[in-house]
Amino acid sequence: MLKSRSIERAGPGGCDIRHFPRSYYAATIDQTIDAPALQHDAITDHCVIGGGFTGLGAALALARAGQSVRLVEAGPIGWGASGRNGGQVHVGWQQDLPWLERRLGHAATSAMWQAALAARAHLDTLLDLCDDRCDYRPGLIHADHRPGAVAQTHAHVAMMRDTWGYRSLTALDRDGLRAAVGSPDYHGGSIDMLGGHLHPLKLAMTMARAAQSAGAVIHAHTACTALTRTTGGWCVTTPHGVIRAGRVLDATGAYARALVGETQSRILPINNYIATTAPLDPAIAQGLIANGAAVSDARFVVYYFRMTPDHRLLFGGGETYGTRMPRDLAGVVRPHLQRIFPQLAGVAIDHAWGGTLAISPNRLPFVIEPQPGLYAANGFSGVGVVLAPWLGDAVGRAMAGEANPGYDLVRRLPAPRFPGGVWLRWPTQALAMRFMALRDRF
Ligand SMILES: Cc1cc2nc3c(=O)[nH]c(=O)nc-3n(C[C@H](O)[C@H](O)[C@H](O)COP(=O)(O)OP(=O)(O)OC[C@H]3O[C@@H](n4cnc5c(N)ncnc54)[C@H](O)[C@@H]3O)c2cc1C
């Protein structure tokens, strides 16, 4: 029997599983999802565990394929990383194409790039389901904080254009970058107009509604407390009912610390923090980011920020590697925010929250089938807004028996475990990450 031991219930930092964290996103959705907790036993073809982008993508694909599917989510829908992230829409993988080419060869890298573009196109189909397109705005700036890195960024832009035919990416010199971003910290970079930013909790809600309309049954506030193999399928135990399913997807992101060991040994949970200021005078907001784009910098512990439609600066910065969140989350983010925008010293912070993301050893997502009828998809390593809905869709289609090149591609990627396995991965990896984070300071 596989057991889930540590879904957060009432931790510091607003991480009570019964409610959304006190985030800007939770404060700006108009409706939640009607998804009553499971109160009885049920039988279904497929059960998805986890109501984030991955699980919702799979449930939507399964329902559209005419399969019976139930999704269980321990908290409200979108409670995990999917409803708390920076909302930055990155095109591509966490590793760049030269890195992939060195390890996987040209043909596989080409397939990976096509898949990244397909994932971005898939996101558009989901945004089309939402009246306000989940507040989507185009433009994602990569900002270099080291003057010496700018030439490398510009070489990358040229390589993407000349080798891969990608023309949405443009180089920004120092003046171009500073005209777009009112920070003394940056020296140049690039802007990707196929990238952008959105309201991630609205996206999760949109996906959940679409899945329900297609026939999926969604149970919020329903934690899977044990997963057991039975003859011909799986038994998903929850506090008030057992679901018997032929196939199960573990889509629990970084939040189910011990549900499926084969997943857990391949991910490291990392906490990252975001704050939003009070609404700013539109002229001041315009001076911070002039063109409405999102910004993400080149630090190992990346700073990422953007304006919200109501002129707040939404700023992500700071990371911790334990299981606990700090109490004063605004206090964690403020020094990072003021480092980039000294002109905002003392600005009022209205919302601050933390979230946990799952990184994999090679920073690529993985799909595994550790036992017959059991699937797991995870390890988006900080770039799941585009990739997780797409990979969820791909896994859902595969579970439904549809031929699926996206699924086959990710299934063939190396999916290494962290050295030390489920428990011993912590000390060495956290030390390595702290070392890399320290380098950002110099
Ligand atoms: C602070 C932060 C900022 C980020 N910024 C960005 C960004 O700007 N751009 C980007 O591309 N990516 C970003 N990411 C990463 C992105 O959010 C994730 O890659 C993506 O949301 C992963 O989706 P998921 O569905 O796999 O996991 P999650 O969204 O975490 O969903 C997993 C769900 O499973 C549920 N669960 C866990 N255990 C159980 C159980 N036993 N029973 C039932 N339910 C369970 C959890 O409650 C959770 O809701 C960020 C992540 C964080 C935390």
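Residues numbered from 1 in each chain as written. Predicted model: local features only at pLDDT ≥ 70, side-chain atom pairs only at ≥ 80, totals over all residues. Heavy atoms only, no water.

Quick word on the domain arrangement of the protein chain
Counted only if it meets this: All the domain ranges listed were derived from an automatic or database domain assignment. Between two residues, a contact is recorded if the distance between any of their heavy atoms is within 4.5 Å. For any pair of parts, buried area is found by adding up, for both, the accessible area (1.4 Å probe) each one loses once the two are put together. In the sections that follow, a salt bridge refers to a side-chain nitrogen of Lys or Arg positioned within 4 Å of a carboxyl oxygen of Asp or Glu. Side-chain atoms alone can form a polar contact between residues adjacent in sequence; in general such a contact is a pair of N or O atoms within 3.5 Å, and within protein one must be able to donate a hydrogen while the other accepts it. Strands here are runs of E lasting at least two residues and helices are runs of H or I lasting at least four, both read from the DSSP assignment and numbered beginning at the N terminus. Note that Gly is not counted as nonpolar here; it falls among the polar residues with everything else outside the nonpolar set of Ala, Val, Leu, Ile, Met, Phe, Trp, Tyr, Cys and Pro and the charged set of Asp, Glu, Lys and Arg.
As far as domains go, the protein chain holds domain 1 (2–85 + 201–267 + 361–419) and domain 2 (137–196 + 269–359). With 26 residues of domain 1 in contact, the opposing surface of domain 2 contributes 24 residues. Taken together, the two surfaces of domain 1 and domain 2 that pack against each other cover about 1900 Å², and 62% of this comes from carbon and sulfur. Connecting domain 1 to domain 2 are zero salt bridges. Summed over the shared surface of domain 1 and domain 2, the number is five residue pairs in polar contact (both at pLDDT 80 or more). The greatest single-element share of the side of domain 1 that touches domain 2, amounting to three residues, is contributed by helix α1 (residues 24–27). Class assignment of the residues belonging to the side of domain 1 that touches domain 2 gives a composition of 13 nonpolar, eight polar and five charged.

Some words on the nonpolar core
Test applied: For this analysis, a nonpolar core means a set of buried residues of the types Ala, Val, Leu, Ile, Met, Phe, Trp, Tyr and Cys, connected via side-chain atoms within 4.5 Å. Type-normalised accessible area, obtained with a 1.4 Å probe on protein chains alone, sets the label of each residue: buried when under 20%, exposed when over 50%, and partly exposed for intermediate values.
W93, L203, L249, L391 and V395 are the most contacted members of the largest nonpolar core, which totals 79 residues. Here the element with the most residues in this core is helix α11 (residues 384–399); it accounts for ten residues. Both domains that meet at this core, namely domain 1 (2–85 + 201–267 + 361–419) and domain 2 (137–196 + 269–359), each give it at least three residues. Apart from the residues lying within four places of it in its own chain, the contact partners of L249 are C47, V48, I49, A58, Y375, A376, A377, V395 and M399.

Structural notes on the pattern of salt bridges
On inspection of all chains with the given rule, the structure shows 15 salt bridges. Its salt-bridge partner being R266, residue E262 comes within 3.0 Å of it at the nearest N-O pair. Across the salt bridge formed by R312 and D310, the nearest N and O atoms sit 3.0 Å from each other. Since its relative accessible area comes to 11%, R312 is described here as buried. Salt bridges linked by common partners bring R120, D124, D128 and R133 together as one network.

Examining the site of the ligand
Condition: Only heavy atoms are used to decide nearness, and a residue is near a molecule or strand if one of them lies within 4 Å of it.
Neighbouring the ligand are 37 residues; T54, E73, S82, C224 and V385 lie closest to it. At 3.0 Å from a nitrogen atom of the ligand is found a main-chain nitrogen or oxygen belonging to A74. Ranked by residues supplied to the shell around the ligand, first place goes to strand β16 (residues 349–359) with three residues. Its residues assigned to classes, the shell around the ligand shows 17 nonpolar, 19 polar and one charged.

Concerning unusual backbone geometry
Of note in the backbone geometry, H311 takes a positive phi value of approximately 65° without being a glycine. One non-glycine residue, R363, lies in positive phi territory at about 65°. Mapped onto the elements of the fold, R363 is located in the loop between β16 and β17 (366–371). The exposure class assigned to R363 is partly exposed, which follows from its relative accessible area of 22%.

Describing the state of the cysteines
What counts here: The disulfide criterion used throughout: a pair of cysteine sulfur atoms within 2.5 Å.
Enumeration according to the criterion identifies zero disulfides in this entry. Left without a disulfide partner, C47 is nearest to the cysteine sulfur of C224, which lies 7.2 Å away. Summary of cysteine pairing: C235 is not part of a disulfide, and the nearest cysteine sulfur, belonging to C224, is at 9.5 Å.

Considerations on the environment of V217
Within the secondary structure, V217 sits in strand β8 (residues 217–219). Among the residues examined, V217 registers a relative accessible area of 31% and is labelled partly exposed. Along the sequence, V217 and C47 sit 170 residues apart, while their C-alpha atoms lie 9.6 Å from each other. When sequence neighbours within four positions are dropped, the list of residues in contact with V217 reads V69, R70 and L71.

A closer look at helix α12 (residues 405–412)
Counted only if it meets this: Directions from the helix axis toward the C-beta atoms define the arc.
What α12 keeps buried is the set G406, Y407, L409 and V410. Down the axis of α12, the buried side of the element spans an arc of 160°, and every buried residue falls inside it. The exposed residues of α12 that point more than 90 degrees off its buried face are P405 and R412. Buried residues belonging to α12 abut α4 (106–127), β17, β18 (374–378) and α11. Residue N404 occupies the N-cap position of α12, its side-chain oxygen lying 3.0 Å from the main-chain nitrogen of G406.

Focus: the side chain of S360
Position of S360 relative to the elements: it lies in the loop between β16 and β17. You can call S360 buried: its relative accessible area is 2%. A polar contact of 2.8 Å, which involves the side chain of S360, links it to the backbone oxygen of L364.

Some thoughts on the pairing of β18
The criterion, for reference: When DSSP finds at least two bridges between two strands, those strands are taken to pair.
The buried fraction of β18 is high, at five of five residues. Burial along β18 is two-sided: L374, A376 and N378 facing one way and Y375 and A377 facing the other are all buried. The pairing of strand β11 (residues 241–250) with β18 spans three bridges and is parallel. Bridge pairing links D250 to A376 in β18. Two strands pair when backbone bridges link them, and β17 and β18 are joined in this way by four bridges, in the antiparallel orientation.

Some words on the environment of R247
Note on placement: R247 falls in strand β11. A C-alpha to C-alpha distance of 46 Å links R247 and Q152, two positions 95 residues apart in sequence. R247 has contacts with D45, H46, C47, G373, Y375, A398 and M399, leaving out every residue within four places of it along the chain. A distance of 3.4 Å separates polar atoms of two side chains, one belonging to R247 and the other to Y375.

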